[in-house]
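# Geometric and topological summary
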Amino acid sequence: MKEVTYKTSGVCARAIHFTRNDDGTITDVSFDGGCNGNLKAISKLVDGMKAEEIAAKLKGNICGFKHTSCADQLAKALTEV
């Protein structure tokens, strides 16, 4: 089990925290800042999923005029860990 903090870039959320379990599942996702309700929903939806599955679903998602989003940043964090 590995607890991770990922510093985001280009989004309202400042950081993402999560636990990567030995079996590759992700739990305990939380965001510092950002759109509170939406990010709580993302956290609940991805809880217990495999990192690769989450990254595949969320990669490339953008927010408004930005070239990334909090969901895309989560995908990047999971890919880098």
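Residues numbered from 1 in each chain as written. Predicted model: local features only at pLDDT ≥ 70, side-chain atom pairs only at ≥ 80, totals over all residues. Heavy atoms only, no water.

### Description of the nonpolar core
For soluble globular proteins, nonpolar side chains are generally found buried alongside one another. Phe18, Val29, Phe31, Val46, Ile54, Leu58 and Leu74 are the most contacted members of the largest nonpolar core, which totals 23 residues. Tallying contributions element by element places helix H3 (residues 70-80) first for this core, with six residues. Aside from chain neighbours lying at most four places away, what touches Phe31 is Ala13, Ala15, Ile16, Leu39, Ser43, Cys70 and Leu74. (Core = buried A, V, L, I, M, F, W, Y, C linked by side-chain atoms within 4.5 Å. Buried < 20%, exposed > 50% of the residue type's maximum accessible area, 1.4 Å probe, protein only. Helix = DSSP H or I, 4+ residues; strand = E, 2+ residues; numbered from the N terminus. Contact = heavy atoms within 4.5 Å.)

### A closer look at the environment of Cys35
Counting through the fold element by element, Cys35 comes out in the loop between strand S3 (26-32) and helix H1 (36-46). Measuring from C-alpha to C-alpha, the distance between Cys35 and Ala75 comes to 17 Å, with 40 residues separating the pair along the chain.

### Structural notes on the side chain of Ser43
Note that Ser43 resides in helix H1. What makes Ser43 buried here is its relative accessible area of 12%. A polar side-chain atom of Ser43 sits 3.0 Å from the main-chain carbonyl oxygen of Val29. Look past the residues within four positions of Ser43 in its chain and what remains in contact with it is Val29, Ser30 and Phe31. (Polar contact = N/O pair within 3.5 Å; in protein donor to acceptor, adjacent residues only side chain to side chain.)

### Remarks on H1
Turning to H1, its buried residues are Leu39, Ile42, Ser43 and Val46. Seen from one end, H1 has its buried residues packed into an arc of 100°, which puts them on one side. Pointing more than 90 degrees away from the buried face of H1 are the exposed residues Gly37, Lys44 and Leu45. Once H1 ends, the next one or two residues include Gly48, with phi positive near 90°. (Arc of directions from axis to C-beta.)

### Some details on the packing of helix H2 (residues 51-58) against H3
It is the contact of H2 with H3, at a shortest axis distance of 8 Å, that shows an interaxial angle of 145°. Taken as a pair, H2 and H3 cross one another with a handedness that is left-handed. Of the residues in H3, those touching H2 at Ala51, Ile54, Ala55 and Leu58 are Ala71, Asp72, Leu74, Ala75, Leu78 and Thr79. Split into classes, the residues belonging to the contact of H2 with H3 amount to eight nonpolar, one polar and one charged. (Axes fitted to C-alpha atoms, helices over the stretch in contact; angles between N-to-C directions. Left-handed = near helix turned anticlockwise from the far one by under 90°. Nonpolar A, V, L, I, M, F, W, Y, C, P; charged D, E, K, R; others polar.)

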